[in-house]
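The primary structure of each chain is shown beneath.
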Amino acid sequence: MSPPSPLIDLAADTATRPGEGMRQAIAAAVVGDEQRGEDPTTLALETRVAELLGQEKALFLPSGTMANQIAFLVHCRAGDEIVCAENAHVFGSEGAGAAALSGAQFRPIETATGLFSVEDVARRLRVPRHRSPRSRVIAIEQTTNRGGGRIWPEATILALKALAQEKGLALHMDGARLLNAAVATGLPAARFAAPCDSVWIDLSKGLGCPVGAVLAGPEGFIEEALIWKHRLGGAMRQSGILAAAGLYALDHNVARMAEDHANARRLATLLGGVPGLGLQPEGDVTNILFIDLSGTGVPARTLAEALFGAGIRVNVEGESRVRMVTHIDISAEDVEVAGRAIVAALARLRSPQPGG
Ligand SMILES: *Cc1c(COP(=O)(O)O)cnc(C)c1O
């Protein structure tokens, strides 16, 4: 089914389309052959992101998924183990890429928020012996996507880094929404990113670019990552066309994420009083809000279909969970419309109360 138009698309922050200013930056981009290291705009973006994240070097890539997979390919050998959250993107949403490409396996931690403690990790590290998998990577998501956009505190990241160093592991940050965390806390992104052995940001989520991610790390890591980028077919040609959008977004689309967070908080307020409706997170909303419909008796798919008919798209995540994400193409008014539509749809669809 093709989406209704106009569409209030709360399904994901990948729905964003490049605006006029970004399109002008794309049109004016100075370009060269990226694969030869001769695209000046791509090189400028890589330098800029390395600085932003407090890392030595950075590498422009077609997607965040490729960034995660390349990081594992560099850090791991076949049979190594990656500790991550059970609801992490790397574990559930990348086509089993780690198993298929680097041959690593996951040691998932059950956590509704996507956050876990240093003790949670320490308990899962293997005793080094020939019959055990080799613990190799701790992977965290900043912010936690399926955990409801939660922010890893800097102190926990530093503690994980200390554990990783002690045990000879790599700390990897999937920073698809790292800049949301930076804006929400007011801390520079480097405070979260610099302690990591590899970290990337997505350009095609909240930053509003059409394509791209940038992976950063120490020089030796990026040298190895470049080999894998080429091997996987990620090397590009006049990629300055895409990198220009990234540079534009870093100038214009970061501080404004505060609006996305305010819009998501407003959505939480609009839905807060609905009987039987659970909100996740309950406080500290960034740009992701889950609703748990199990207490309303309304299946997630039924609600999503009713909303779609009214020009609103949400993401169905299981039988009674729906995800909504605010972004640059969602206005404060869109949120009012969507919030009211959800309240009305639930009132209509809710199973009749006993005796009612
Ligand atoms: C979207 C996302 C990815 C993958 O990024 P793509 O650029 O879509 O490949 C990885 N991790 C998280 C947490 C994400 O939200």
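Residues numbered from 1 in each chain as written. Predicted model: local features only at pLDDT ≥ 70, side-chain atom pairs only at ≥ 80, totals over all residues. Heavy atoms only, no water.

**Overview of the site of the ligand**
Okay, so step 1: Taken together, the neighbourhood of the ligand is formed by 15 residues, with G64, T65, D174, D202 and K205 sitting nearest.
Okay, so step 2: Within the contact set of the ligand, an oxygen atom lies 3.0 Å away from a side-chain nitrogen or oxygen of N145.
Okay, so step 3: K205 is positioned such that a nitrogen or oxygen atom in its side chain is 2.9 Å from an oxygen atom of the ligand.
Okay, so step 4: In the complex, 88% of the free accessible area of the ligand, which totals 380 Å², lies under the protein chains.
Okay, so step 5: Looking at the shell around the ligand, the elements with two or more residues in it are helix 3 (64-75) and strand 7 (198-202). (Near = heavy atom within 4 Å. Polar contact = N/O pair within 3.5 Å; in protein donor to acceptor, adjacent residues only side chain to side chain. Areas by Shrake-Rupley, 256 points an atom, 1.4 Å probe, with all protein chains shown as cover. Helix = DSSP H or I, 4+ residues; strand = E, 2+ residues; numbered from the N terminus.)

**Brief notes about the sheet that holds strand 10 (residues 288-292)**
Okay, so step 1: Taken in spatial order, the four strands of this open sheet run 9-10-13-12, and their pairing is antiparallel. In this open sheet, the two edge strands, each paired with only one partner strand, are strand 9 (278-280) and strand 12 (315-316).
Okay, so step 2: Here strand 10 pairs with strand 13 (residues 321-325) via five bridges, running antiparallel. If you follow D292 over to strand 13, its bridge partner there is R321.
Okay, so step 3: Across the sheet, helix 12 (residues 257-272) is in contact with strand 9, strand 10 and strand 13; its angle to strand 10 comes to roughly 20 degrees. (Pairing = 2+ DSSP bridges. Contact = heavy atoms within 4.5 Å. Axes fitted to C-alpha atoms, helices over the stretch in contact; angles between N-to-C directions.)

**Some points on the sheet that holds strand 5 (residues 134-141)**
Okay, so step 1: On the basis of which strands lie adjacent, the open sheet formed by seven strands has the order 2-8-7-6-5-3-4 and mixed pairing. Taken across any chain shown, the strands that pair with only one partner, and hence form the sheet edges, are strand 2 (57-61) and strand 4 (105-109). Direction aside, the axes of adjacent strands within the sheet are offset by 20 degrees on average.
Okay, so step 2: Pairing analysis gives five bridges linking strand 5 to strand 6 (residues 170-175), with the strands arranged parallel. Counted as the bridge partner of V137 is A170 from strand 6.

**Structural notes on the pairing of strand 2**
Okay, so step 1: Extensive coverage of strand 2 is indicated by the burial of four of its five residues.
Okay, so step 2: Two strands pair when backbone bridges link them, and strand 2 and strand 8 (residues 213-217) are joined in this way by five bridges, in the antiparallel orientation. Residue pairing across strands places A58 opposite A216, the latter belonging to strand 8. (Buried < 20%, exposed > 50% of the residue type's maximum accessible area, 1.4 Å probe, protein only.)

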